[in-house]
Amino acid sequence: MTVVPRWLLAALSGALLALAFPGSGDLSWLAFAALGPLLVAVDGMDRRRAGVLGLLSGLIFWLATIPWVAQTMMHYGDVPWLLAGVVLVALSGYLALYTAVFCWLLGRTPLRSSAAYVTVAASLWVALEFLRTYLFTGFPWNLLGYSQYRNLPLVQVAAVTGVYGVSFAVVAVNAGLAQLAHPQKGWKDRLGGLGVAAAVVGLAVGSG
């Protein structure tokens, strides 16, 4: 059986996640599985390599979703296209660091159960989104929960938690699905992780 390279899984996650957002595809349902390949890729890796894969995935995502940064600079600021492109790549690289940190923290975190994995993965992602919103004046664009702007049953939870509650639910589903592919865990444990994800989504929908 051919094994897909981990870097390719990470790149796939970045591309799929971009397609979930308006302007890049608007396929909001993809957000519930887009992070799966990345989570599978970094599982069990040393933190440095996991961070590199997260950086790759994040870079692809941001380059695909914020090209307007360069376009705005060229159109309204009369900035040369080369300089605008450099700024776009630099900003995308900075934003990709948040995905890198997420993978770095998750790569070797000792989590015995899939249920714990789902909870920690969703919590780490949301914590980093919150940090990105406010650090260095903040850049709150493209928080994961925004991909669900048309998913009315789910986004009702934002009245209580803000967009972060929606992001938490989306990452929980991704993590639950990723754990189904874990070769070293029993089916009871894997289904337990998926059960936690389902419970999170159920609570979010129920809150509306």
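**Student:** Kindly report on the packing of aromatic side chains, identifying the contributing residues and their values.
**Tutor:** Taken as a whole and assessed by the stated rule, the structure comprises ten aromatic pairs. On the numbers, 5.6 Å between centres and 40° between planes, the contact of Trp 68 with Trp 141 is tilted. Taken together, the residues span a long stretch of sequence, with Trp 68 in helix H5 (residues 68-77) and Trp 141 in the loop between helix H7 (114-134) and helix H8 (152-155) at a distance of 73 residues. Centroid distance Phe 102 to Trp 125: 5.0 Å. Interplanar angle 85°. Geometry classified as edge-to-face. In this pair, Phe 102 sits in helix H6 (residues 81-107) while Trp 125 sits in helix H7, placing the two residues 23 residues apart along the sequence. Judged on exposure class, the residue Phe 102 and its partner Trp 125 are both buried. The structure contains a cluster of three or more aromatic residues connected by ring pairs, namely Phe 21, Phe 61, Trp 62, Trp 68, Phe 139 and Trp 141. Just above the ring of Trp 104 sits the side chain of Arg 47; from NZ or CZ to the centre is 4.8 Å.

**Student:** Break down the packing of H7 against helix H10 (residues 163-180) for me, with residues and values.
**Tutor:** One can describe the packing of H7 onto H10 by two numbers: an axis separation of 8 Å at closest approach and a directional angle of 140°. For the pair H7 and H10, the crossing hand works out as right-handed. Of the residues belonging to the contact of H7 with H10, the class tally is 13 nonpolar, seven polar and one charged.

**Student:** With reference to specific residues and values, describe the side chain of Gln 148.
**Tutor:** Residue position: Gln 148 is located in the loop between H7 and H8. Every residue in contact with Gln 148, bar those within four places of it in the chain, is listed here: Ser 28, Ala 31, Phe 32, Leu 154, Val 155, Val 166 and Val 170.

**Student:** Before we move on, could you go through empty space enclosed by the protein and cite the residues and values that matter?
**Tutor:** In this structure the tally under the stated criterion is one cavity of 30 Å³ or more. Around the largest cavity, the lining is made up of 20 residues, and of these Phe 61, Trp 62, Thr 99, Trp 125 and Arg 132 lie nearest the centre. Those elements giving two or more residues to the lining of the largest cavity turn out to be helix H1 (6-19), helix H4 (47-65), H6 and H7. Class assignment for the residues of the lining of the largest cavity results in twelve nonpolar, six polar and two charged.

**Student:** Give me the lowdown on unusual backbone geometry, citing residues and values where you can.
**Tutor:** Unusually for a residue other than glycine, Thr 137 sits at a positive phi of about 75°. Locating Thr 137 in the fold gives a position in the loop between H7 and H8. Located in the positive-phi region is Asn 142, a residue other than glycine, with phi close to 55°. On the secondary structure map, Asn 142 appears in the loop between H7 and H8.

**Student:** With reference to specific residues and values, describe the nonpolar core.
**Tutor:** A general tendency of soluble globular proteins is for nonpolar side chains to be buried together. If you look at the biggest cluster of nonpolar residues, it comprises 53 residues, and the most contacted ones within it are Leu 35, Leu 39, Phe 102 and Leu 144. Element by element, the count of residues in this core is highest for H10, at eight residues. Setting aside chain neighbours within four positions, we find Leu 144 in contact with Leu 17, Phe 21, Ala 31, Leu 35, Trp 125, Glu 129, Ser 167, Val 170 and Val 171.

**Student:** Could you give an account of the pattern of salt bridges, with specific residues and numbers?
**Tutor:** Side chains carrying opposite charge are able to pair once their charged atoms draw close together. This structure, assessed with the given rule, holds one salt bridge. With a closest N to O distance of 3.6 Å, Asp 26 and Arg 150 form a salt bridge. Residue Asp 26 is found in the loop between H1 and helix H2 (31-34), and its partner Arg 150 is found in the loop between H7 and H8; the two are separated by 124 residues along the sequence.

Each value, and the rule that gives it
Residues numbered from 1 in each chain as written. Predicted model: local features only at pLDDT ≥ 70, side-chain atom pairs only at ≥ 80, totals over all residues. Heavy atoms only, no water. Phe/Tyr/Trp six-rings, centres within 6.5 Å; stacked < 30°, edge-to-face > 60°. Helix = DSSP H or I, 4+ residues; strand = E, 2+ residues; numbered from the N terminus. Buried < 20%, exposed > 50% of the residue type's maximum accessible area, 1.4 Å probe, protein only. Lys NZ or Arg CZ within 6 Å of the ring centre and 35° of its normal. Axes fitted to C-alpha atoms, helices over the stretch in contact; angles between N-to-C directions. Left-handed = near helix turned anticlockwise from the far one by under 90°. Nonpolar A, V, L, I, M, F, W, Y, C, P; charged D, E, K, R; others polar. Contact = heavy atoms within 4.5 Å. 1 Å grid on protein atoms, 1.4 Å probe; cavity = no way out; pocket = protein on both sides within 12 Å on 5 of 7 lines; lining within 4 Å. Points joined across faces, edges and corners; volume = space filled by probe spheres on them. Core = buried A, V, L, I, M, F, W, Y, C linked by side-chain atoms within 4.5 Å. Salt bridge = Lys/Arg side-chain N within 4 Å of Asp/Glu carboxyl O.

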